[in-house]
Amino acid sequence: MELAAQLLINTLQIGVVYVLFSLGLTIIFGVMKIVNFAHGEFFAVAALLMAVLVNTAADEFGLPLWVGYAGGFVGAVIAVLVLGLIVYRPAFERYLRDLVGSFILSVGLLLLLQGILLEVFGGVPRVVPRMGDNTISILGGRITELRLAVSLIALAIMLLAYLLIQRTRLGMALRAMSEDHEAAMLQGIRYRRIALYGFLIGSVLAATAGALIAPLTAITPAIGGDYLVKAFIIVIVGGLGSITGAISAGFLIALIESIGGFFLDPSLTTVALFMLVIIFLVLRPQGIMGHAEK
Amino acid sequence: MPRNSVGMLVAALAALAVLGYTRFGAGDFGASVIMLICVNALAAASLRFVMLVGELNVATAAFYGIGAYVSAIATVWYGLPLPVALIAAGLAGALVSVLFGYVTLRTKGAYFLLVSFAFAEVARLVFTRIDAIGANSGMTGIFPAEPLALWYPTITVVVAMALLAGLYGLERSTLGTVFRAIQNNDSVVQSVGLNVLVVKILCLAVASFVAGVGGALHAHANNVISPGDFSFLVAVFALAYVKIGGEGHILGAVMGAVFLTVLGQYLISLGAQEAIFFGGALVLAMLILPDGLYGIAERLTRPLLRALDRTPPEDSVKRSTAA
């Protein structure tokens, strides 16, 4: 029982970050029909900025830690928003619905950003000063206050994103666009504008995931890569472009990983996850919720 | 076709010149750069070959790595002669690709792209986990067996050229036409009674044979391999060669490999970061050079060729893998 509770708590912690990250990827795919390989770099930018800002606020200005956390979060998200705008207009907008072109472009961007981050921030792992280190026990499973708070905030953001997609006019436009962009345009939805919003929402979701993971782990400019492979597995299992698919597959993968991580070591778990994807593809090539491209 | 034969003549002359230079003129450094170009051109041509059926195969990196490891095992453990090691590497790449393709080529587009990416990363993880092949530190002492060692750079050039010519021949054959038909509309191909999945697997297997031999040549040129050499970046760099050279013709892949390898060697010797260099090159190519160097070369030489050849130019239908 205690083990089960602990594994579920671990699943929640890993899962919320995976879900935020993959939700961004899947929303961008939905509206733009591109896979953004630079998604992990947006995540890394946010995590690195969070680490720098929290440390600066504490060391240079002597502000209380929670102010640094809040400021760092907002700063990281705004920075990624700006970065998203910078790369969207001249670059991504020209490769809407072009899988090959956008792949090359985003991989180029991935390398370029990774190189720049390494130049700017250096390769030494950064750590955010901790707060909320007390451990709480839930049904026998243990979690620190900080981790619990991060998980709850991530859950709230996830819920907001879900409501935004399912309940608002913008969300309806985004969904219409990913269903059939020509029909959506005939309804008077402006494709380019909505694609931009979709791209920015997706990028901000990656940024929130990055800023939230920052206090929990050591951060290097290469941090985006690990999450990218996991996110790809998640969107293949959940179905590209599917919101509910990304959420359910995100938690499923997190569950498998936390159980697997308990008995195996992490890199073997990734191999096992891939085997699962292969089996999954044989049985159901269109994903849990998605439709395979015809 | 006269236009085509002029191009082929130029390519053949260039090939002979490179061959002679590699054997008699180049020092050790020159030979190592030429070998690097050959190996990179093979990876690029392998990636491009699968693009003929309309798929981006990031798993090229995995087959390249498998080829490198298999040939290293053949040479270091069993002391087999170089030709055997090369063929074993190619066959291993092709065999694994058939298994991989049988499952994954049912998907296409974005799904295949993501699965092949995941496969490339998982293959690298697997290399790091097998202690027998050196786990994280990889394998060392991969030298071509003695009678051929002196000739190794020449052999590399000859093998690379033979494989490139083979790929070009297949592309021009009826099979190549079927590949391109699948890229354009696979339902039509299916409707005339061809098994699309089998044809795609065949295409992947041929490309992966080439990637495997490329990996083997890399292993014997470097003498040392480690899992880090075979991350998905192998495929990304290959894509950079294809894209910057121009994807319309196999010579584009070769030109891209020559251009970027030489430029990259120079800039990295000045201390530039490999990631920034290749990333910047890719982004720039997408923004300003959509047809690549081959496209530019074609545009520049068109008036000249037209003067040589009075027949009306054939339709230069742009072959793009864009859906």
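Residues numbered from 1 in each chain as written. Chains lettered and ligands numbered in written order. Predicted model: local features only at pLDDT ≥ 70, side-chain atom pairs only at ≥ 80, totals over all residues.

> Is there a simple way to explain the overall build of chain B in this structure?
On a plain count of helices and strands, chain B comes out with 14 helices and zero strands. A compact globule built from 323 residues should have a C-alpha radius of gyration of about 20 Å, and chain B, at 19 Å, falls within 12% of that. Looking at chain B as a whole, 49% of its 323 residues are labelled buried. The contacts of chain B with a sequence gap of at least 6 include a subset with a gap of at least 24, amounting to 79%. (Helix = DSSP H or I, 4+ residues; strand = E, 2+ residues; numbered from the N terminus. Rg over C-alpha atoms; globule rule 2.2 N^0.38 Å. Buried ≥ 20, exposed ≤ 12 C-beta atoms within 10 Å, placed from the backbone. Contact = placed C-beta atoms within 7 Å.)

> Before we go on, may I ask you to explain the interface of chain A and chain B in this structure?
Many analyses report the size of an interface as the accessible area lost when the parts associate. Tallying the contact residues gives 40 residues for chain A and 36 residues for chain B. Elements supplying a minimum of two residues to the side of chain A that touches chain B: α4 (99–121), α9 (223–238) and α11 (266–283) of chain A. Looking at the side of chain A that touches chain B, the element that brings in the most residues is α4 of chain A, giving 17 residues. In terms of residue class, the side of chain A that touches chain B is built from 31 nonpolar, six polar and three charged. (Nonpolar A, V, L, I, M, F, W, Y, C, P; charged D, E, K, R; others polar.)

> Looking at this structure, I do not really get the confidence of the model for chain A. What am I missing?
Segments scoring low in pLDDT should not have their predicted coordinates read at a detailed level. The share of residues in chain A with pLDDT of 70 or more is 97%, and the mean pLDDT across the chain is 89. Averaged pLDDT values over the elements of chain A bottom out at 80 in α11 of chain A and peak at 95 in helix α8 (residues 191–213) of chain A. (pLDDT = per-residue confidence, 0-100.)

> Would you mind going over the nonpolar core with me for this structure?
The biggest cluster of nonpolar side chains holds 213 residues, and the ones touching the most others in it are A46, A47, M50 and I233 of chain A together with A41, L114 and A118 of chain B. With residues up to four places along the chain from it excluded, the contact list for M50 of chain A reads G72, F73, A76, V128, A211 and A214 of chain A. (Core = buried A, V, L, I, M, F, W, Y, C linked by C-beta atoms within 7 Å.)

> Would you mind showing me how to read helix α6 (residues 169–179) of chain A here?
The α-helix winds at 3.6 residues per turn, so residues separated by three or four positions along the chain end up facing the same way. Residues and elements named next belong to chain A. Buried residues of α6: A173, L174, M177 and S178, and no others. Taken end-on, α6 shows its buried residues confined to a sector of 130 degrees, consistent with a single buried face. In α6, the exposed residues that point more than 90 degrees away from the buried face are R169 and E179. In this structure, the buried side of α6 is in contact with α1 (2–32), α5 (145–167), α7 (181–186) and α8. (Arc of directions from axis to C-beta.)

> Help me understand the pairing of strand β1 (residues 135–138) of chain A, please; the structure alone is not making it clear to me.
A regular strand places its side chains so that they alternate between the two faces of the sheet. All names here are of chain A. As defined by bridge partners, β1 adjoins strand β2 (residues 141–144) across four bridges and the pair is classed as antiparallel. Counted as the bridge partner of S137 is R142 from β2. Hairpin connection from β1 to β2: two residues lie between these consecutive antiparallel strands, with L139 at a positive phi of about 50 degrees. (Pairing = 2+ DSSP bridges.)

> What is the right way to read unusual backbone geometry from this model?
If a residue is not glycine, its phi is most likely negative; likewise, a peptide bond is most likely trans. The residue L139 of chain A is not glycine, and still its phi comes out positive at about 50 degrees. Relative to the elements of secondary structure, L139 of chain A occurs in the loop between β1 and β2. A positive phi angle, near 70 degrees, is found at N223 of chain B, a position not held by glycine. The partly exposed category is assigned to N223 of chain B, around which 13 C-beta atoms lie within 10 Å.

> Any chance you could explain the packing of helix α11 (residues 233–245) of chain B against helix α13 (residues 274–288) of chain B here in plain terms?
Angle between the axes and distance between the axes are the two parameters that describe a pair of packed helices. Residues and elements named next belong to chain B. It is the contact of α11 with α13, at a shortest axis distance of 10 Å, that shows an interaxial angle of 35 degrees. Pair α11 / α13 crosses with left-handed handedness. In contact with F237, A240, K243 and I244 of α11, α13 contributes F278, A281, L282 and A285. (Axes fitted to C-alpha atoms, helices over the stretch in contact; angles between N-to-C directions. Left-handed = near helix turned anticlockwise from the far one by under 90°.)

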